[in-house]
Amino acid sequence: MCKIFRRPFLLVINCYAIIFSCKITEGGPGKACARATMDQHQLYNEMLSLISRGFGPLPDKPGETAESTLKALWHCAAGFPLTVEEAEQKPLGMLDAEKIGHLRELIGQRLRGAPLAHLTKRQSFMGISMLAGPGALVPRKETELIAAAAFNLTGLVIAEKGSALVMDLCTGIGNIALSIARAHPAARIYASDISEEALTLARQNQDHCALQGKVDFRQGDCFAPFEHDDFRGMVDVLICNPPYIASKNVCRMPEEIKRYEPGMAFDGGPFGVSIIYNVINGAPRFLRAGGWLCLEVGLGQGRMLERLLKKNQRFQNVKTVADPKGEIRGIVAEAAGIFMG
Ligand SMILES: C[S@@+](CC[C@H](N)C(=O)[O-])C[C@H]1O[C@@H](n2cnc3c(N)ncnc32)[C@H](O)[C@@H]1O
């Protein structure tokens, strides 16, 4: 049961709508408030059973349960869009008839497959609320693994040199770049994506996260926006969460993904590794000697890419990053020298 309904006083304090309804209802505020609370309690349970019956969460969105989904949509209908994590923490406000209609509509859309983050327009990444939408991939939990590795490496570089040049390729909504900017104000961060729609969201996120001017977002294919002497051999930490699903498998992905999220965010070419290979081949031109490549990889790609990088003389100290189940989801490798080829 939702915590708030076990604490009616908190509900009253948090809700202007109930105060309004108390004033206009016969029988005095006490009775009206109790009735309104009961109604909302009933509504909550009714909506929860509706969502639970049609709920099929994706394994890569572990925070989305029937209950957390309802809370996020409830806040959204009330006019306060929040991430799932924030929605779980905040008491639910009262909904008037119009907002209840909006909640029903949102639940209908979710049950028809629309991603929760598209409805709330919010997604949390590394504990930061970010704007999300159909123009770019909704950041996934597993990406926090490679982001955390990049955070730590950026911190080490800053401790040593006082600043760090960080590059985030395939930035999407800018989640990795902006979360590093938040954690490391001394980092100089550049990010790029081929999709102008994704970059629009990334730039909006810069404002949303109050990190104006902290990341230089550029449009273009992989390294194209950085083919300049300011970057060649200069980058301390190069991060990329590329598309890595084989083209033939994109159409087999769950409806919620293939129908609502941009194909170019997933499609990694015939074997899923086209962009990963581009990044591995291009990175030595941009990394300084001792700089780090941090790459997210698809399920099942880790061992092969680890072997490839270990055989590549341009890299050393190749390490894998595994998820709690032991699956390799990222690879970190140090540039062995500067290669201008
Ligand atoms: C898997 S998503 C990652 C988005 C974001 N970094 C994240 O962690 O959620 C891959 C991103 O790569 C972009 N992309 C696809 N092909 C690209 C290319 N050739 N050059 C640059 N970006 C590309 C897509 O637009 C998409 O935003």
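We now turn to the structure provided with this report. (Residues numbered from 1 in each chain as written. Predicted model: local features only at pLDDT ≥ 70, side-chain atom pairs only at ≥ 80, totals over all residues.)

**Remarks on the site of the ligand**
Then, number 1: With respect to spatial proximity, 21 residues lie near the ligand, and among them Pro139, Cys170, Gly172, Ile194 and Ser195 are the closest.
Then, number 2: Residue composition of the shell around the ligand, grouped by class: 13 nonpolar, 6 polar and 2 charged. (Near = placed C-beta within 6 Å. Nonpolar A, V, L, I, M, F, W, Y, C, P; charged D, E, K, R; others polar.)

**Observations concerning the environment of valine 297**
Then, number 1: Counting through the fold element by element, valine 297 comes out in the loop between β7 (287-296) and α14 (302-311).
Then, number 2: Distance from valine 297 to arginine 329, taken between C-alpha atoms, is 5.2 Å for residues 32 residues apart in sequence.
Then, number 3: If near-sequence neighbours (up to four positions away) are discounted, valine 297 is found in contact with Tyr244, Ile276, Gly302, Leu305, Ile328, Arg329, Gly330 and Ile331. (Helix = DSSP H or I, 4+ residues; strand = E, 2+ residues; numbered from the N terminus. Contact = placed C-beta atoms within 7 Å.)

**Observations regarding the packing of helix α8 (residues 143-161) against helix α9 (residues 175-183)**
Then, number 1: The interhelical angle for the contact between α8 and α9, taken along N-to-C directions, is 40 degrees, at an axis separation of 10 Å. Relative to α9, α8 is oriented oblique. In this structure, the crossing between α8 and α9 has a hand that is right-handed. Residues Thr143, Ala147, Ala150, Phe151 and Thr154 of α8 form the contact with α9, whose participating residues are Ile176, Ser179, Ile180 and Ala183. (Axes fitted to C-alpha atoms, helices over the stretch in contact; angles between N-to-C directions. Parallel < 35°, antiparallel > 145°, perpendicular 65-115°, else oblique. Left-handed = near helix turned anticlockwise from the far one by under 90°.)

**Brief notes about the nonpolar core**
Then, number 1: In terms of nonpolar packing, the biggest core is built from 90 residues, with Leu73, Ala150, Val237, Leu238, Leu293 and Cys294 touching the most fellow members.
Then, number 2: Among the elements that take part in this core, α8 stands out by supplying 7 residues, more than any other.
Then, number 3: Of the residues that make up this core, three or more belong to each of domain 1 (3-120) and domain 2 (143-335).
Then, number 4: Not counting the four nearest positions on each side in its chain, leucine 238 is found in contact with Met167, Ala283, Phe286, Leu287, Gly291 and Leu293. (Core = buried A, V, L, I, M, F, W, Y, C linked by C-beta atoms within 7 Å. Buried ≥ 20, exposed ≤ 12 C-beta atoms within 10 Å, placed from the backbone. Domains from an automatic or database assignment.)

**Section: the sheet that holds strand β5 (residues 215-219)**
Then, number 1: Taken in spatial order, the 7 strands of this open sheet run β5-β4-β3-β6-β7-β9-β8, and their pairing is mixed. Two strands close off the open sheet at either side, each with one partner strand: β5 and β8 (315-322). This sheet shows a mean twist of 15 degrees between the axes of neighbouring strands, independent of strand direction.
Then, number 2: With 4 bridges joining them, strand β3 (residues 164-169) and strand β6 (residues 235-240) adopt parallel strand pairing. Counterpart to methionine 167 in the pairing with β6 is leucine 238.
Then, number 3: Its contacts with the sheet place α8 against β3, β4 (187-193), β6, β7, β8 and β9 (328-335), and it is angled at close to 160 degrees to β7.
Then, number 4: Against the sheet, helix α10 (residues 196-208) makes contact with β4 and β5, and its axis sits at roughly 165 degrees relative to β5, the strand it touches most. (Pairing = 2+ DSSP bridges.)

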